[in-house]
Amino acid sequence: MPTTVDDVLEHGGEFHFFQKQMFFLLALLSATFTPIYVGIVFLGFTPDHRCRSPGVAELSLRCGWSPAEELNYTVPGPGPAGEASPRQCGRYEVDWNQSAFGCVDPLASLDTNRSRLPLGPCRDGWVYETPGSSIVTEFNLVCANSWMLDLFQASVNVGFFFGSMSIGYIADRFGRKLCLLTTVLINAAAGVLMAISPTYTWMLIFRLIQGLVSKAGWLIGYILITEFVGRRYRRTVGIFYQVAYTVGLLVLAGVAYALPHWRWLQFTVTLPNFFFLLYYWCIPESPRWLISQNKNAEAMRIIKHIAKKNGKSLPASLQCLRLEEETGEKLNPSFLDLVRTPQIRKHTMILMYNWFTSSVLYQGLIMHMGLAGDNIYLDFFYSALVEFPAAFMIILTIDRIGRRYPWAASNMVAGAACLASVFIPGDLQWLKIIISCLGRMGITMAYEIVCLVNAELYPTFIRNLGVHICSSMCDIGGIITPFLVYRLTNIWLELPLMVFGVLGLVAGGLVLLLPETKGKALPETIEEAENMQRPRKNKEKMIYLQVQKLDIPLN
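The name given to the protein in an unreviewed UniProt entry is SLC22A2 isoform 2, with Pongo abelii as the source organism. Under Sequence similarities (unreviewed entry), UniProt gives the following word-for-word description of the protein: "Belongs to the major facilitator (TC 2.A.1) superfamily. Organic cation transporter (TC 2.A.1.19) family."

Take a look at the structure:
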């Protein structure tokens, strides 16, 4: 009798030595995705800066001025303690070659209170107050060029969008292992080339290439580990695969602190990808994919290898394998199937909005922290720590309480935390940190739950399409987020948090309109998906009455 891979793994080991070994290797891959996803915090760090004025610098050396005095004669404003914006992008237009200037208040001879002194752009560049370097300080991505930093991060998410949209087809066509190694190789090469890029344009191109392959590689790793384990362990392994990404956040904070120069940081976080090329000898092809390609003999050889590694033996009867899906009429799904019927249309709209919101809040909070935090390394480290309890809370709640209420609550907590942070005074920094960590934990939970629930709301023949279309909004959100954060902070530092708060609260309210999927079988047809929100008791009663009616004539 034909058996599925899950049937065989029940005998050969669902999560034993082989699967644990594979999980460790692929978790390393997950951890190295971190620098690409949120590395902008360190690579694109914008330190305090001011216009450079060679004339003032020369006079400062002659007169022995302090840095504060030199700054005072270069740019408007009261100096380092004043508002940053006026002095970061403009300077006094003064001919410092005049011999009439003395060492004591040289500008007094031109204008007593300086209100009528002309201002001009920073023609000679900027002075940055930082011991290290970033792409901002090297390529002067400030003032009129600040949008180029937004474009740098947006390009990564453009790569994510196209890479993740095509990876499903590519991995199904050419196999998981080949795609994994190909993406790893391209990612490694692009990362090194970005580290040695001589211009902003080349750096942008290589970052875009990294975006195209890095998320695709992360997704293939996710697919592989969930296909290697038994049915009972897939959800838990999927969550801990994402926990490995959180470990990468902690490591990134330490590496960035040790290497404050962006080129060395980029080179260092790219190096592990070359190590992953050794996986050619360590990780086999997915037996599930081999069966889908009618390569049953090779699939059986790998399954026997898995059983041997796990110290198990397979019964002789388990020799004929088949796919989990029953063969039958093949349906061709289209986007219209996601919006044609009322309930599935509602699911699609809410899921797309939640994917978008999760991405905007998650990336946005990290970017905003890089702009508003006192110590970027410690703030990044502490906020990453809260992702661990977020993962464990998901494991503890989704099979006990359900999906809907923890999901809605996590969105609302994230939104409320963002709004609360706006109104906390600066002298209560400890309270602001606690509220920020709650917000980060909330949006992390929401992000991971939407990954789990998305597939549970669609019928079988449009399930993959639904997941791909809805999750693509995550990358759309990532494209918009840098422009949203960096432009709004120019107006008011806390304005992005106001926007995030509203988005999060709306997302939480919309989640309550979705059906609960805990304990329910995955819908097989559109009719079943449409009826998910109806009480199951009525359906059981209807079936019971039908049986009674059929029984009456037989008596």
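*Asks:* Residue-level account of the side chain of Ser-471, with values.
*Replies:* By the secondary structure assignment, Ser-471 is in helix H22 (residues 463-491). Judged by its relative accessible area of 18%, Ser-471 falls in the buried class. Engagement of the side chain of Ser-471 in a polar contact is seen with the backbone oxygen of His-468, the distance being 3.3 Å. Residues within four places of Ser-471 in sequence aside, it is in contact with Trp-355 and Asn-454.

*Asks:* Explain the packing of aromatic side chains residue by residue, including any values.
*Replies:* In the structure shown here, the tally under the stated rule is 29 aromatic pairs. Seen from their ring centres, Phe-161 and Phe-162 are 5.2 Å apart, and the 85° between their planes marks the pair as edge-to-face. Assessed through its relative accessible area of 18%, Phe-161 is described here as buried. With a relative accessible area of 51%, Phe-162 lands in the exposed category. Ring centres of Tyr-222 and Tyr-241 lie 5.8 Å apart, and the angle between their planes is 70°; on these two criteria the pair is classed as edge-to-face. With Tyr-222 in helix H11 (residues 200-228) and Tyr-241 in helix H12 (residues 234-258), the pair connects residues that are 19 residues apart, well separated along the chain. In this structure Tyr-222 comes out as partly exposed when scored by relative accessible area, which is 26%.

*Asks:* I'd love a proper account of the packing of helix H19 (residues 387-397) against helix H21 (residues 429-454), names of residues and values included.
*Replies:* Viewed as axis vectors pointing N to C, H19 and H21 meet at an angle of 45°, and their least axial separation amounts to 9 Å. Put simply, H19 runs oblique to H21. When the axes of H19 and H21 are compared, the crossing they make is right-handed. Judged by residue contacts, Glu-387, Pro-389, Ala-390, Ala-391, Met-393 and Ile-394 of H19 engage Arg-440, Met-441, Thr-444, Met-445, Glu-448, Ile-449 and Leu-452 from H21. Looking at side-chain class alone, the contact of H19 with H21 contains nine nonpolar, one polar and three charged residues.

*Asks:* An account of the packing of H12 against H21 is needed here, citing residue identities and associated values.
*Replies:* Each packed pair of helices is defined by two parameters, the angle between the axes and the distance between the axes. Contact geometry for H12 and H21: axes closest at 11 Å, N-to-C directions at 145°. Both H12 and H21 take part in a crossing whose hand is right-handed. Across the interface between the two elements, Arg-235, Ile-239, Gln-242 and Leu-249 from H12 touch Arg-440, Glu-448, Cys-451 and Leu-452 from H21. Residues belonging to the contact of H12 with H21 are distributed by class as follows: four nonpolar, one polar and three charged.

*Asks:* Describe in detail helix H16 (residues 296-309), supporting the description with residues and values.
*Replies:* The periodicity of an α-helix, 3.6 residues per turn, causes residues three or four places apart in sequence to face the same way. Helix length check: H16, at 14 residues, gives a terminal C-alpha distance of 20 Å against a target of 20 Å (1.5 Å per residue), a fit within 8%. Within H16, the full set of buried residues consists of Ala-299, Met-300, Ile-302, Ile-303, Ile-306 and Ala-307. The arc enclosing the buried residues of H16, seen along the axis, measures out at 160°, which places them on a common side. Exposed and oriented more than 90 degrees from the buried face of H16 are Ala-297, Arg-301 and Lys-308. The inward-facing, buried residues of H16 contact helix H1 (5-12), helix H2 (17-31), H11 and helix H15 (287-292). Two residues or fewer after H16 comes Gly-311, characterised by a positive phi angle close to 70°.

*Asks:* Talk me through the environment of Leu-259; I want residue IDs and the actual numbers.
*Replies:* Mapped onto the fold, Leu-259 is located in the loop between H12 and helix H13 (262-270). Separated by 127 residues in sequence, Leu-259 and Gly-132 place their C-alpha atoms 8.2 Å apart. Discounting residues that sit within four places of it in the chain, Leu-259 has contacts with Trp-264, Leu-265 and Thr-268.

*Asks:* How would you explain the state of the cysteines if you had to name every residue and give the values?
*Replies:* Applying the stated criterion to the full structure yields two disulfides. Between the sulfur of Cys-51 and that of Cys-122 lies a disulfide, 1.6 Å long from S to S. Linking Cys-51 and Cys-122, the disulfide has an S-S dihedral of approximately -45° and is accordingly described as left-handed. With Cys-51 in strand E1 (residues 49-51) and Cys-122 in the loop between strand E3 (119-120) and strand E4 (126-128), this residue pair connects regions lying 71 residues apart in the sequence. Each member of the pair, Cys-51 as well as Cys-122, is classed as buried. Here Cys-89 engages in a disulfide with Cys-143; their sulfurs sit 2.0 Å apart. Between Cys-89 and Cys-143, the S-S torsion sits near -95°, and that sign places the bridge as left-handed. Note that Cys-89 is positioned in the loop between helix H7 (84-88) and strand E2 (91-92) and Cys-143 in the loop between helix H8 (135-139) and helix H9 (147-174), a separation of 54 residues in sequence.

*Asks:* Give a detailed account of unusual backbone geometry, specifying residues and quantitative values.
*Replies:* In this structure, Cys-143 is a non-glycine residue whose phi angle is positive, near 55°. Positive phi outside glycine occurs at Asn-294, with the angle close to 60°. Within the secondary structure, Asn-294 sits in the loop between H15 and H16.

*Asks:* Explain the nonpolar core to me, and be specific about the residues and the numbers.
*Replies:* Ranked by internal contacts, the top residues of the largest apolar core, which has 127 residues, are Tyr-37, Val-38, Ile-135, Tyr-362, Phe-380 and Trp-407. The residues contacting Ile-135, other than those within four sequence positions of it, are Leu-43, Gly-44, Asn-140, Leu-141, Leu-149, Phe-152, Met-203 and Trp-262. Among the nonpolar cores identified, the runner-up in size contains nine residues, and Val-56, Leu-59, Tyr-92 and Leu-107 belong to it.

What counts, and where the lines are drawn
Just so you know, the residues in each chain are numbered from 1, in the order the chain's sequence is written. pLDDT decides what is reported in this predicted model: residues at 70 or higher carry local features, side-chain atom pairs at 80 or more are listed and counted, and totals for whole chains, interfaces and linings draw on all residues regardless. Side-chain metrics in this entry use all non-hydrogen atoms of the structure; hydrogen atoms and water are not considered. UniProt positions are given in the numbering used here, feature names are shortened, and annotations may be inferred rather than shown by experiment. For helices the rule is a DSSP run of H or I covering at least 4 residues; for strands it is a run of E covering at least 2, with both sets numbered from the N terminus onward. A simple rule labels every residue: compare its accessible area, found with a 1.4 Å probe on the protein chains alone, to the largest value its type can have, and call it buried under 20%, exposed over 50%, or partly exposed in between. For the purposes of these results, a polar contact is taken to be a pair of N or O atoms within 3.5 Å, where, inside protein, one atom must be able to donate a hydrogen and its partner to accept one; residues adjacent in sequence count only when each atom of the pair is a side-chain atom. Residue contacts are counted whenever heavy atoms from the two residues lie within 4.5 Å of one another. Centres within 6.5 Å make a pair out of two Phe, Tyr or Trp rings, where for Trp the six-membered ring is used; the pair is then stacked when the planes are under 30 degrees apart, edge-to-face when over 60, and tilted otherwise. Orientation is described by lines fitted to C-alpha atoms, with helices fitted over the stretch in contact, and by angles between N-to-C directions that extend from 0 to 180 degrees. Throughout this description, any angle smaller than 35 degrees is read as roughly parallel, any larger than 145 degrees as roughly antiparallel, any in the 65 to 115 degree range as roughly perpendicular, and the remainder as oblique. Handedness of a crossing follows from how the near helix is turned relative to the far one, being left-handed for an anticlockwise turn of less than a right angle and right-handed for a clockwise one. Residues are grouped as follows: Ala, Val, Leu, Ile, Met, Phe, Trp, Tyr, Cys and Pro are nonpolar; Asp, Glu, Lys and Arg are charged; every other residue, Gly included, is polar. Here the expected length of a helix is defined as 1.5 Å per residue gap, with one fewer gap than residues. Working note: the arc is built from the helix axis to C-beta atom directions. The rule for a disulfide is simple: a pair of cysteine sulfur atoms within 2.5 Å. Remark: nonpolar core denotes a set of buried residues (Ala, Val, Leu, Ile, Met, Phe, Trp, Tyr, Cys) joined through side-chain atoms within 4.5 Å.

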